[in-house]
Amino acid sequence: IGDVELGVEELPANGETVRIPLRTKHKSRISGPAYCVLGRAPPEAYTAPMTKTLFLVRHGESVWNEAQDDKDVLTMLSDVDHHLNLLGRKQAERLAA
């Protein structure tokens, strides 16, 4: 429909809203500009913890890793996108559980 640019700091933090005209690419079917109504809940309304936990996970063992251990250069160079081997799949399945 359109877009609007507004910094979070420009939003009222007391639960009130602000009407901002949309920049549209096409002519509006309604008379006058289209608006976007934005607001932000007051800080006391947030029940989620303020700290977040980020998990970084590296893929499981791949055919490349196995070929490296075996010093199998032909397998290492045979593909550019090496899939997980059986052990790597088991590692990924354990992580998902």
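Reading the values: the criteria
Residues numbered from 1 in each chain as written. Predicted model: local features only at pLDDT ≥ 70, side-chain atom pairs only at ≥ 80, totals over all residues. Heavy atoms only, no water. Helix = DSSP H or I, 4+ residues; strand = E, 2+ residues; numbered from the N terminus. Buried < 20%, exposed > 50% of the residue type's maximum accessible area, 1.4 Å probe, protein only. Contact = heavy atoms within 4.5 Å. pLDDT = per-residue confidence, 0-100. Patch = residues over 30% accessible without salt bridge, like charges linked within 9 Å, V, L, I, M, F, W, Y side chains within 5 Å. Areas by Shrake-Rupley, 256 points an atom, 1.4 Å probe, with all protein chains shown as cover. Salt bridge = Lys/Arg side-chain N within 4 Å of Asp/Glu carboxyl O. Lys, Arg positive; Asp, Glu negative; His and termini not counted. Charge placed at Lys NZ, Arg CZ, Asp CG, Glu CD.

Each helix and strand in the chain was counted, giving 3 helices and 4 strands. Listed by position from the N terminus, the elements making up the chain come as β-β-β-β-α-α-α. Burial status across the chain gives 15% buried among its 97 residues. Partitioning the intrachain contacts of the chain with sequence separation of at least 6 by distance along the chain shows that 30% fall at a separation of at least 24.

Right, let's get into the confidence of the model for the chain. Across the chain, the average pLDDT comes to 78, with 87% of residues at or above 70. For the chain, per-element mean pLDDT is lowest for strand 1 (residues 2-3), which scores 70, and highest for helix 3 (residues 86-96), which scores 85.

Residues Glu66, Asp69, Asp70 and Asp72 make up a contiguous surface patch of negative charge. When you line up the elements, Glu66 lands in helix 1 (residues 63-69).

What follows is about unusual backbone geometry. The backbone of Lys71 shows a phi angle near 55 degrees, a positive value even though the residue is not glycine. Relative to the helices and strands, Lys71 is located in the loop between helix 1 and helix 2 (73-77). Judged by relative accessible area, which is 68%, Lys71 ranks as exposed.

Its location among the elements puts Leu87 in helix 3. Exposure remark for Leu87: the relative accessible area of 40% places this residue in the partly exposed category.

On the surface, Phe55, Val57 and Leu95 cluster together into a nonpolar patch covering about 360 Å² of accessible area. Positionally, Phe55 belongs in the loop between strand 4 (35-39) and helix 1.

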